[in-house]
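# Descriptive analysis of the structure
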Amino acid sequence: MNSPTRRRVTEDKSWVLAPLLELPHVIHAAVISGDGFIEGSSPGLKRDAAEGVAAMMSALQGAGRAVTAAFAERDDARLRQTVIESEQGWVFAIPAGENTCLAVFAGPEVNMGVVAHHMQIQVTTLGNKVMNSPARDLGSKA
């Protein structure tokens, strides 16, 4: 009998998205793990859509690193930002710590510089919160 696959439990990081969602023309935002799981998403983003975004963004980030490494002929390529333009708007993604990225979907008329700037602020805020959080009490050994 196979045991069911367990997804790791992480703290909901949706709180970091609130200031981004207040920006003009920003529609959705999400915090995504490198292995394709949602760690936080905007309230209006349906669960199925959020999970699809997480899986695709994880693959896109991997592809971005691979293509950059190939072009640069270096194995240590690191992404700073991924930007996608479509008729529906823009997708921005930036690294947000170890094995995590912050992604934003905004309408076509968005000010890209403002969004990118505020995303960096929220990544710093997320990093400070995670680094300053007390360690979890795992209980005593029995």
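Summarised in this report is the structure supplied together with it. (Residues numbered from 1 in each chain as written. Predicted model: local features only at pLDDT ≥ 70, side-chain atom pairs only at ≥ 80, totals over all residues. Heavy atoms only, no water.)

### Considering the side chain of S42
Secondary-structure assignment places S42 in the loop between β2 (38–41) and α2 (47–72). Contacts of S42, omitting those with residues within four sequence positions, involve L17, L21, I27, H28 and A29. (Helix = DSSP H or I, 4+ residues; strand = E, 2+ residues; numbered from the N terminus. Contact = heavy atoms within 4.5 Å.)

### Let's talk about the sheet that holds strand β1 (residues 26–33)
Reading across from one edge, β2-β1-β5-β4-β3 is the order of the five strands in this open sheet, with antiparallel pairing throughout. Each of the sheet's edge strands pairs with one partner strand only, and the pair in question is β2 and β3 (82–86). Adjacent strand axes in the sheet meet at a mean angle of 15 degrees when their direction is disregarded. (Pairing = 2+ DSSP bridges. Axes fitted to C-alpha atoms, helices over the stretch in contact; angles between N-to-C directions.)

### Details of the side chain of S58
Checked against the element boundaries, S58 lands in helix α2. By relative accessible area, which is 17% here, S58 ends up buried. Residues in contact with S58, not counting those within four places in the same chain, are S33, G34, D35 and G36. (Buried < 20%, exposed > 50% of the residue type's maximum accessible area, 1.4 Å probe, protein only.)

### Examining α2
Taking 1.5 Å of rise per residue, the 26 residues of α2 would be expected to cover 38 Å, and the 37 Å separating its terminal C-alpha atoms lies within 8% of that figure. Structurally, α2 contributes buried residues whose contacts are with β1, β2, β3, β4 (89–95) and β5 (100–106). Phi turns positive, to about 55 degrees, at E73, one or two residues after α2. (Expected span 1.5 Å × (residues − 1).)

### Thoughts on the pattern of salt bridges
Tallied over the full model, the rule gives three salt bridges. Close ionic contact of E39 with K13 constitutes a salt bridge, the shortest N to O distance being 3.1 Å. With E39 in strand β2 and K13 in the segment before α1 (18–21), the pair connects residues that are 26 residues apart, well separated along the chain. Among the salt bridges present, the one from R74 reaches D76, with a minimum N-O distance of 2.7 Å. (Salt bridge = Lys/Arg side-chain N within 4 Å of Asp/Glu carboxyl O.)

### Things to note about the nonpolar core
Burial of nonpolar side chains together is a common tendency in soluble globular proteins. The biggest cluster of nonpolar side chains holds 19 residues, and the ones touching the most others in it are L17, L20, F92, L102, V104, V115 and M119. For this core, the elements supplying multiple residues, two or more each, are β1, β4, β5 and α3 (112–132). With near-sequence residues (within four places) excluded, L17 lies in contact with A29, A30, V31, G40, S41, S42 and L102. Core analysis: the second largest hydrophobic core is formed by seven residues, A30, A54, A93 and C101 among them. (Core = buried A, V, L, I, M, F, W, Y, C linked by side-chain atoms within 4.5 Å.)

### Some words on unusual backbone geometry
Glycine aside, residues mostly have negative phi, and peptide bonds are mostly found in the trans state. Positive phi values are uncommon outside glycine, yet E73 reaches one of about 55 degrees. Relative to the assigned elements, E73 resides in the loop between α2 and β3. Residue E73 is classed as exposed on the basis of its relative accessible area of 74%. Even without being a glycine, N99 presents a positive backbone phi close to 60 degrees. Mapped onto the elements, N99 comes out in the loop between β4 and β5.

### Considerations on the environment of A55
With respect to the element layout, A55 can be found in helix α2. Considering only alpha carbons, one finds A55 and G34, 21 residues apart in sequence, at a separation of 8.9 Å.

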